[in-house]
Amino acid sequence: MTTAQTHSLDPALAARLKRDDNGLFAAIIQQFDTCEVLMLGWMNDEALQRTLTEGRVTFWSRSRQEFWRKGDTSGHRQYVKSVALDCDGDALLIQIDQVGAACHTGTRTCFEAGGELEAVAGVKEDG
């Protein structure tokens, strides 16, 4: 993966993003055809720019403090289909075509290992 960027993030888009104290925002990763939520990752402006221009998802690793493009070492690549910014500007929804497991544990999604939590199911009221 190339570390030098030839283009920076569009200033109008950059102005709409709300970042945490580390300059990061959440990226929800969803399989484009099944709408299955696969994982949540973190991005900064450069990771988003790479994602928008390369057709593959790039994240910022908070633990390693470096960029990582999903699948470069595992082969479990994420091919971008669409990218949307939420109304508050603090999260992205990235629809992708996942090849292989999305989770570093080897499971399809990052929400398998943690398991479902017991919760009372809400009932929609008529009217």
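Data block above holds the structure.
What counts and what doesn't
- Residues numbered from 1 in each chain as written.
- Predicted model: local features only at pLDDT ≥ 70, side-chain atom pairs only at ≥ 80, totals over all residues.
- Heavy atoms only, no water.
- Pairing = 2+ DSSP bridges.
- Helix = DSSP H or I, 4+ residues; strand = E, 2+ residues; numbered from the N terminus.
- Axes fitted to C-alpha atoms, helices over the stretch in contact; angles between N-to-C directions.
- Phe/Tyr/Trp six-rings, centres within 6.5 Å; stacked < 30°, edge-to-face > 60°.
- Buried < 20%, exposed > 50% of the residue type's maximum accessible area, 1.4 Å probe, protein only.
- Lys NZ or Arg CZ within 6 Å of the ring centre and 35° of its normal.
- Patch = residues over 30% accessible without salt bridge, like charges linked within 9 Å, V, L, I, M, F, W, Y side chains within 5 Å.
- Areas by Shrake-Rupley, 256 points an atom, 1.4 Å probe, with all protein chains shown as cover.
- Salt bridge = Lys/Arg side-chain N within 4 Å of Asp/Glu carboxyl O.
- Polar contact = N/O pair within 3.5 Å; in protein donor to acceptor, adjacent residues only side chain to side chain.
- Contact = heavy atoms within 4.5 Å.

## Quick look at the sheet that holds strand β6 (residues 91-98)
Taken in spatial order, the 4 strands make up an open sheet running β2-β1-β6-β5, and their pairing is mixed. Strands at the two margins of the open sheet, each flanked by one partner only, are β2 (37-43) and β5 (78-85). Pairs of neighbouring strands in the sheet enclose a mean axial angle of 25 degrees, with direction left out of account. Taken together, the 6 bridges between strand β1 (residues 25-31) and β2 define a ladder with antiparallel strand orientation. Paired with F25 across the strands is M43, a residue of β2.

## Describing the packing of aromatic side chains
Going through the model one piece at a time under the given rule, you end up with 2 aromatic pairs. Between F59 and W68, the ring centres sit 4.9 Å apart and the planes meet at 35 degrees, which makes this aromatic pair tilted. Judged by its relative accessible area of 0%, F59 falls in the buried class. Looking at W68, the relative accessible area reads 24%, which means it is partly exposed. Their ring planes at 80 degrees and their centres at 4.9 Å tell us that W60 and F67 sit as a pair that is edge-to-face. Here the basic side chain of R56 rests over the ring of Y79, its NZ or CZ set 5.8 Å away from the ring centre. The side chain of K81 reaches across the aromatic face of F32, ending 5.1 Å from its centre.

## Considering the pairing of β1
A large share of β1 lies buried, amounting to 6 of its 7 residues. Adjacent in sequence and paired antiparallel, β1 and β2 are bridged by 5 residues, among which C35 carries a positive phi angle near 65 degrees. Relative to β6, β1 is paired through 6 bridges, and the arrangement is parallel. Within the sheet, the bridge partner assigned to I28 lies in β6 and is L93.

## Focus on a nonpolar patch on the surface
A contiguous nonpolar patch, built from I28, V37, L40, L93 and F111 and spanning about 400 Å² of accessible area, is present on the exposed surface. Residue placement: L93 occurs in strand β6.

## Quick notes on the side chain of N44
Along the chain, the position of N44 falls in the loop between β2 and α2 (45-54). Residue N44 is classed as buried on the basis of its relative accessible area of 16%. At 3.2 Å, the side chain of N44 forms a polar contact with the backbone nitrogen of E46. Excluding its chain neighbours within four sequence positions, the residues that come into contact with N44 are G23, L24, F25, W60 and F67.

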